[in-house]
Amino acid sequence: MEQFLRVGVISSTHGVRGEVKVYPTTDDPARFQRLQKVLLDTGKGHLPLEIDGVRFFKNLVILKFRGLDSIEAVERYKGMDLYVSREDAVPLAENENYIADLIGMEVCTDEGQTLGELSDVLATGANDVYVVKTSEGKEILLPAIRDCILEVNVEEKRMLVHVLEGLLDL
């Protein structure tokens, strides 16, 4: 399991007082209002940053970090990911999983066939869709619904699925 969970990506600076625009990668962008700190992935490690202000603009979150008070102080962080520790993550409801824990899972059918590895999760209006990459490099799209996803074992990194009729037809 991942120790840290990505909650956003710094897309650009905002103004001249050290604010940044963040594209949220969390299901709940309002969670930034409850966060006190985040970890910036610098590529060489995690830099802890205290959140000093939160605003919302369209689909973005505008963050101000304590001690970073100019555009020059935050410019170098464009394109970098923001993480929270698992302890600071939003608690999960029953039958929910963090996407970071799902990526890389081996996906097998209830008939004993290995489909491949879960490579992505697509958020759609009705339900998420799991993207499974086969050993041949093809992609299979599985709806994240109870009729299809039978069991998720995070510890073993395995998912048991029932392939609904027509899902494997090309």
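Refer to the structure printed above.
The model shown is predicted, which means the values in this text are computed figures rather than measured ones.

*Asks:* Lay out the overall build of the protein in plain terms, naming residues and giving numbers.
*Replies:* When helices and strands are tallied, the protein shows two helices and twelve strands. Reading the protein from its N terminus to its C terminus gives the helix and strand order β-β-β-β-β-α-β-α-β-β-β-β-β-β. For the protein, the C-alpha atoms occupy an extent of roughly 60 × 30 × 30 Å along the three principal directions. Out of the 170 residues in the protein, the part that is buried amounts to 36%. Taking the contacts inside the protein whose residues are at least 6 apart along the sequence as the reference set, 49% of them involve residues at least 24 apart. Distance between charge centres in the protein, computed from 19 positive and 30 negative side chains, equals 11 Å.

*Asks:* Quick rundown of the environment of V16? Include the residues and the values.
*Replies:* Structurally, V16 can be placed in the loop between β1 (4-14) and β2 (19-24). Between the alpha carbons of V16 and E96 there is a distance of 40 Å; along the sequence they are 80 residues apart. If near-sequence neighbours (up to four positions away) are discounted, V16 is found in contact with D69, S70 and I71.

*Asks:* Please give an account of unusual backbone geometry that cites residues and values.
*Replies:* For K58, which is not glycine, the phi torsion reads 55 degrees and is therefore positive. For K58, the position within the fold is in the loop between β4 (46-57) and β5 (60-65). By relative accessible area, which is 75% here, K58 ends up exposed. Its identity as a non-glycine residue notwithstanding, K157 has a phi of 55 degrees, on the positive side. Tracing the chain through its elements places K157 in the loop between β11 (149-153) and β12 (158-161).

*Asks:* Any chance you could break down the nonpolar core for me, citing the residues and the numbers?
*Replies:* With 22 residues, the main nonpolar core has I10, V22, V38, L63, F65 and L82 as its most contacted residues. Of all the secondary structure elements, the ones that give two or more residues to this core are β1, β2, β3 (37-41), β4, β5, α1 (71-75) and β6 (81-85). Counting 15 residues, the second largest nonpolar core, distinct from the first, contains L115, L118, I140 and V154.

*Asks:* Which residues make up the pattern of salt bridges, and what values do they have?
*Replies:* The full count for this structure, using the stated rule, is eight salt bridges. Two residues, K64 and D69, come together in a salt bridge whose shortest N-O distance is 2.6 Å. Taking relative accessible area as the criterion, D69 reaches 52% and is therefore assigned exposed. R86 serves as the salt-bridge partner of D101, at 2.7 Å between the closest nitrogen and oxygen.

*Asks:* Describe the sheet that holds β12, naming the residues involved and giving the relevant values.
*Replies:* The strands making up a sheet associate through backbone hydrogen bonding, with each pair oriented either parallel or antiparallel. Read from one edge of the open sheet, six strands run β10-β9-β8-β7-β12-β11, paired in mixed fashion. Each of the sheet's edge strands pairs with one partner strand only, and the pair in question is β10 (139-143) and β11. Neighbour-to-neighbour, the strand axes of this sheet turn through a mean angle of 35 degrees, independent of strand direction. Taken together, the five bridges between strand β9 (residues 129-133) and β10 define a ladder with antiparallel strand orientation. If you follow Y130 over to β10, its bridge partner there is L142.

Cut-off values and rules
Residues numbered from 1 in each chain as written. Predicted model: local features only at pLDDT ≥ 70, side-chain atom pairs only at ≥ 80, totals over all residues. Heavy atoms only, no water. Helix = DSSP H or I, 4+ residues; strand = E, 2+ residues; numbered from the N terminus. Buried < 20%, exposed > 50% of the residue type's maximum accessible area, 1.4 Å probe, protein only. Contact = heavy atoms within 4.5 Å. Lys, Arg positive; Asp, Glu negative; His and termini not counted. Charge placed at Lys NZ, Arg CZ, Asp CG, Glu CD. Core = buried A, V, L, I, M, F, W, Y, C linked by side-chain atoms within 4.5 Å. Salt bridge = Lys/Arg side-chain N within 4 Å of Asp/Glu carboxyl O. Pairing = 2+ DSSP bridges. Axes fitted to C-alpha atoms, helices over the stretch in contact; angles between N-to-C directions.

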